[in-house]
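Single-letter residue listing:
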Amino acid sequence: MSKMEVKTSLLDGMIGVGDMVLLEPLTEESFINNLKKRFDHNEIYTYIGSVVISMNPYKNLPIYTPDKVEEYRNRNFYELSPHIYALSDEAYRSLRDQDKDQCILITGESGAGKTEASKLVMSYVAAVCGKGQEVNKVKEQLLQSNPVLEAFGNAKTVRNDNSSRFGKYMDIEFDFKGDPIGGVISNYLLEKSRVVKQPRGERNFHIFYQLLSGASEDTLKKLKLDRDFSKYNYLSLDSATVNGLDDAANFRTVRNAMQIVGFMEDEVQSVLELVAAVLKLGNIEFKPESRTNGFDESRVKDKNDLKEMCELLGIDQSVLERAFSFRTVEARSDKVATTLNVAQAYYARDALAKNLYSRLFSWLVNRINESIKAQTKTRKKVMGVLDIYGFEIFEDNSFEQFIINYCNEKLQQIFIELTLREEQEEYIREGIEWTNIEYFNNAIICDLIENNQNGILAMLDEECLRPGTVTDETFLDKLNTICAEHLHFESRQSKNSKFLTDHTLPHNCFRIQHYAGKVLYRVEGFVDKNNDLLYRDLSQAMYKANHSIMRALFPDGNPAKINLKRPPTAGFQFRASVATLMKNLQTKNPNYIRCIKPNDKKSAHIFTDSLVCHQARYLGLMENVRVRRAGYAFRQPYELCLLRYKMMCKQTWPHWSGPAREGVEVLLSNLAVSPEEYSYGRSKVFIRNPRTLFFLEEKRRSCLEDLATLIQKIYRGWKCRTHFLLLKKSQVVVAAWYRRYAQQKKYQKIKSATLVMQSFIRGWKARKILRELKYQKRCEEAATTIAAFWHGTQARRELKRLKEEARRKHAVAVIWGYWLGLKVRREYRKFFRAHAGRKIYEFTIQRIIQKYFLGLKKTMPSMSPVDKTWPVRSYQFLDGTHKELRRIFHLWRCKKYRSQFTQEKKAIYEEKLQASEIFKDKKALYPSSVSQPFKGDYLEINKNPKYQKLNSMVEEKILLADVVNKINRANGKGAPRLFLLTKNNFVLADQKTGQVKASVPLPDLSSVSVSTQTDGFFALKLKEGTTSAAKGDFLLSSDHLIEIITKLQRTGAAAAGRDHINVDISDEFLVQFKQDKVCVKFIQSGLKNGSSAACKRKNNRLLEVSVPSP
Ligand SMILES: Nc1ncnc2c1ncn2[C@@H]1O[C@H](COP(=O)(O)OP(=O)(O)OP(=O)(O)O)[C@@H](O)[C@H]1O
Ligand SMILES: [Mg+2]
């Protein structure tokens, strides 16, 4: 369509009436005629307000082209002629722009076009939403999930060649920009009975036919399959090929789709293996074999199919074979194996096939979900698309139809709730004048089916769980007693009880008057299908299969998780999932597509009035139009309305300070909207015609454009102003800098000129002065020269005279000297020889000593006091001196060494010195203690929280803290105690609790006894008569004996004002325990060093300590 021809209104060139709300006069006849007229002109979509009615055209129409997508994109709902794209666009924009989660509810009977409609919605949304590599991949995966699920979940029925045999609800998830990021598919109860048996004129699920027609020879060989449909019991032959369906091409599409969705090649292979296994399973047949107990036992007739099936799934053939002949019944701890007869074996086989297929289907849905799962955890906007199996009435309706129709009943209920009841109730709630419109509410039918106490599903569950014999007939009996009075329930018996005979009602059937018509259900199979039992032997055999997906399909076969509880029934599960679905749908903004079937012949040109009329009636379309016509097309809370349109009126823009309702009133009156066009409710404003809404939207759009221009204007002004101010500021800065620079330059020039001038003048002046000075100097020099010459002459004369005089004096002195010398020599000649020897000797000795000292200076040893080296003596006669010097030097360097000591170090050495005085050469333990530093506080009492109490009790500074062993007199064993020494006391305390056991003032300590050996035993003896002595002396042992005794002696003596405390060192001493004295004797044991000393009680008076020999 060219640009010029684009329609701008729903009313332009309309065939019939595009929106039923505008239909005049509104009768059922005119309604159907309008639909017919439009259908005849290929206008398959018609609106009732925002609800889209879709007629199945049964032919491809050129109205889904990319051009059409562009035409409907971002256009108002009522702007163009009705189309499913308009609804999709409205839903998508509302989701993207107003952040409202959406759901698209597509209803209609089987073959009305729901699945097609759902695909059209998805493809439209995919076409208009964002683009990009990642987004396109997500879109492709979402769209390609359809062919996969259709191949496995759709089948040809008499009503529809591609009938959905499962319910599907797909949530498409979008990010904040409206780009799709993933999806979640929920599936509802697959009609699995179709796997083993199909009604006349119908087919099994498409995938079986697609696999056999489309797979390559190689694949078929791998799957052990034959292309011939007739070879498989589970495939009905009468409609194996369907007109217009190319199974082989579809198989390629499905494989391609699986690849796009993200299935691995081995996963596809595994899935096909399972499909092939189901076909093989159908071919397994059984024969009876008599047993001695008179019962028949089933046996597999021809084991070839069984073998091939087991090979495909990696099952142990014997296990499966046994599972078809026996059944293990488990009751608490007992296991009983009962035989299966042929009928039971067939039942088991079919149950296995149905379970295998339906679990495979659920696995596929989960696998697809895994692929299309959104990767981000951010908040998502959601558009749900619901496409379920449509309402259906067959010749023979069973449990599956009952479930399908119940689901449709619930959807009709939600439609009624939200469009008819909710809308009318809202008018009343909002106080809008309203005349009630009658409609049929199907809640009563839903209640008949799902009521928890006496609903049909609840009774079926009750019957299934009841002990005793349960058959379909007992179930019907139960229905007859409980539902007989229900207006929508009929059965032969319930009619009989009312004295009505109805021959159209067979004995084993019941009839429900659904919203869409009466359906006769045969009770046969209800109980079995609801129970959905699979013998545990079979599920266990499947669990053990060596196949990549079988274990995941049969978790109930895990022998480690045997669950004796019955699994929930099929009906119960379905009811629960439908309830969750309804709850989910109610949280979203609903968009309705109501699909209608024009004829029963799947023909493109037939419009059967009666059929359409029937559908329009039960769908409640007329009531829908009436409510719509009497009501208002649009409503919005005052706050939101004011927020959206406030820019259209001066009083409300930019802020309205009063209540929102008054704001809206001012706004609408200012816009001169005619008063019939709107009504004010309690919290919302109601707008009657879509036209008015368009008017408001149009006005808003132009206002927004004006506002945008205003914002642009102000922004540009601001931008230019700031730019200008910036330029101006920069110019001032640049100018200032330039002026400064120019002035600097000028100044420099003047300065240098001045300098030149100055220097010239100074030079000239200087030269003048120089000249004068030079002249002056020359004059002075001339005078000096003359004076010098004169002085020179005078001096030389004087010098000559003095020299003459000196020569004479010298001659006199020399003569006098010679004469004197002569005189002395004559006098002293006799002494000279006697003194010369001594002088020479002294001189020589002096030289030797000098050499010795200089040599010693060069070979001095180091300043370390422990350095024992000393240079060798070079002359024997200096031996004494050499030794003395060595002693003096040692004393001197010791003094130097001592002078570096700090006060603490000095104390430590003093202690060490004292220890040496006490123990050196007296106790064998002493040498090993010399190198150990005296640490004093080994326990860090004040840092250890355990001893906090003890620390607070001992107020003085702790000089020593260590763990010692207190020796028990009774057995000679030691018990650990804390030993603390302070300035005035020593304290013994419990090691664990820190509780003080004894505190003895040091003046009470009389002496200390230790052995001469390497042990750590010591006795603290107390002065008799003191209070501390009452408990007796202490016999202790410690690893730090030397340190403890030394410190005790030092501090003890100071505390008691004594010289020292006695330390007795002997191998035998007495210890005064409480009452009596005990002798402690130390002997050398034969043991080698390394083992510790041990104390033993010899008798009442003797403790013997055996000390290892050193
Ligand atoms: N918009 C359409 N354009 C062309 N053909 C359509 C359209 N809608 C439906 N059809 C035709 O009608 C057939 C049945 O439609 P569809 O499978 O969508 O029905 P359904 O309502 O999903 O039925 P069921 O409840 O059995 O699943 C389609 O296979 C297709 O041939
Ligand atoms: Mg369908």
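What you see is a predicted model, and the numbers here were worked out from it, not measured in a lab.

Draft legend 1. Focus on the overall build of the chain. Each helix and strand in the chain was counted, giving 32 helices and 31 strands. The C-alpha radius of gyration of the chain comes to 60 Å, more than 25% above the 32 Å expected for a compact globule of 1110 residues. In terms of overall dimensions, the chain has a C-alpha envelope of 190 × 125 × 70 Å along the principal axes. Residue burial in the chain is summarised as follows: out of 1110 residues, 46% are buried. Counted over contacts in the chain with a minimum sequence separation of 6, partners at least 24 positions apart contribute 64%. In the structure as shown, the chain presents an accessible area of about 60,500 Å², 55% of it carried by carbon and sulfur atoms. Looking at charge distribution, the chain has the averaged site of its 176 positive side-chain charges lying 21 Å from that of its 130 negative ones.

Draft legend 2. Examining the site of ligand 1 more closely. As a matter of local geometry, ligand 1 sits amid 19 residues, with Ser110, Thr115, Ser163, Ser164 and Gly390 nearest to it. Between ligand 1 and the protein, one listed contact pairs an oxygen atom with a backbone N or O atom of Gly113 at 3.0 Å. Compared with its free state, where it exposes 630 Å², ligand 1 has 88% of that area covered by protein. Of all the secondary structure elements, the ones that give two or more residues to the shell around ligand 1 are helix H4 (114-128) and strand S5 (163-164). If one sorts the elements of the shell around ligand 1 by residue count, H4 sits on top with three residues.

Draft legend 3. Looking closely at the coordination of the magnesium ion (ligand 2). Taken together, the protein ligands of the magnesium ion (ligand 2) are Thr115 (OG1) and Ser164 (OG), with distances of 1.9 to 2.1 Å. Taken together, the residues Thr115 in helix H4 and Ser164 in strand S5 connect sequence positions 49 residues apart. The buried category is assigned to Thr115, whose relative accessible area is 13%. According to the relative accessible area criterion, Ser164 is buried, its value standing at 7%.

Draft legend 4. Region of interest: the environment of Val1063. For Val1063, the position within the fold is in strand S27 (residues 1062-1065). Look at Val1063 and you get buried, because its relative accessible area is 19%. For the pair formed by Val1063 and Ile1045, sequence separation is 18 residues and the distance between their alpha carbons is 8.2 Å.

Draft legend 5. Highlighting the sheet that holds strand S29 (residues 1077-1085). Here four strands make up an open sheet; going across it, the order is S28-S29-S31-S30 and the pairing mixed. This sheet does not close on itself; its edge strands, each paired only once, are strand S28 (1068-1072) and strand S30 (1094-1099). Pairwise comparison of adjacent strand axes, ignoring direction, gives a mean angle of 30 degrees for this sheet.

Draft legend 6. Structural context of the state of the cysteines. This model, assessed by the stated rule, comprises zero disulfides. The closest cysteine sulfur to the non-disulfide-bonded Cys613 is located on Cys595, 18 Å from its own sulfur. Under the relative-accessibility criterion, Cys613 is labelled buried at 14%.

Draft legend 7. Examining helix H22 (residues 609-618) more closely. Listed in full, the buried residues belonging to H22 are Leu611, Val612, Cys613, Gln615, Ala616 and Tyr618. Contact partners of the buried residues in H22: helix H1 (28-40), strand S2 (51-55), helix H13 (399-429), strand S16 (589-596) and helix H23 (621-630). Gly620 sits one or two residues past H22 and shows a positive phi near 70 degrees.

Draft legend 8. Expanded view of a nonpolar patch on the surface. Residues Phe440, Ile444 and Leu487 make up a contiguous nonpolar surface patch of roughly 300 Å² in combined accessible area. Within the element layout of this structure, Ile444 appears in helix H14 (residues 443-450). The exposure class assigned to Ile444 is partly exposed, which follows from its relative accessible area of 33%.

Draft legend 9. Layout of the packing of aromatic side chains. Tallied over the entire structure, the rule returns 42 aromatic pairs. With 6.4 Å between their ring centres and 55 degrees between their planes, Tyr347 and Tyr535 make a pair best called tilted. With a gap of 188 residues between them, Tyr347 in helix H12 (residues 342-372) and Tyr535 in the loop between helix H18 (526-531) and helix H19 (536-543) connect regions that are remote in the sequence. Using a relative accessible area of 30% as the deciding quantity, one classes Tyr347 as partly exposed. An aromatic cluster is present here, built from Phe399, Phe402, Phe475, Phe489, Phe510, Tyr521 and Phe526 joined pairwise through their rings. Arg322 extends its terminal NZ or CZ atom over the ring of Phe326, reaching a point 4.6 Å from the ring centre. One Lys or Arg, Arg367, reaches over the ring of Phe263 and ends 5.1 Å from the middle of that ring.

Conventions and cut-offs
Residues numbered from 1 in each chain as written. Chains lettered and ligands numbered in written order. Predicted model: local features only at pLDDT ≥ 70, side-chain atom pairs only at ≥ 80, totals over all residues. Heavy atoms only, no water. Helix = DSSP H or I, 4+ residues; strand = E, 2+ residues; numbered from the N terminus. Rg over C-alpha atoms; globule rule 2.2 N^0.38 Å. Buried < 20%, exposed > 50% of the residue type's maximum accessible area, 1.4 Å probe, protein only. Contact = heavy atoms within 4.5 Å. Areas by Shrake-Rupley, 256 points an atom, 1.4 Å probe, with all protein chains shown as cover. Lys, Arg positive; Asp, Glu negative; His and termini not counted. Charge placed at Lys NZ, Arg CZ, Asp CG, Glu CD. Near = heavy atom within 4 Å. Polar contact = N/O pair within 3.5 Å; in protein donor to acceptor, adjacent residues only side chain to side chain. Donors = N, O, S within 2.8 Å, 3.2 Å for Na, K, Ca; no water. Pairing = 2+ DSSP bridges. Axes fitted to C-alpha atoms, helices over the stretch in contact; angles between N-to-C directions. Disulfide = S-S within 2.5 Å. Patch = residues over 30% accessible without salt bridge, like charges linked within 9 Å, V, L, I, M, F, W, Y side chains within 5 Å. Salt bridge = Lys/Arg side-chain N within 4 Å of Asp/Glu carboxyl O. Phe/Tyr/Trp six-rings, centres within 6.5 Å; stacked < 30°, edge-to-face > 60°. Lys NZ or Arg CZ within 6 Å of the ring centre and 35° of its normal.

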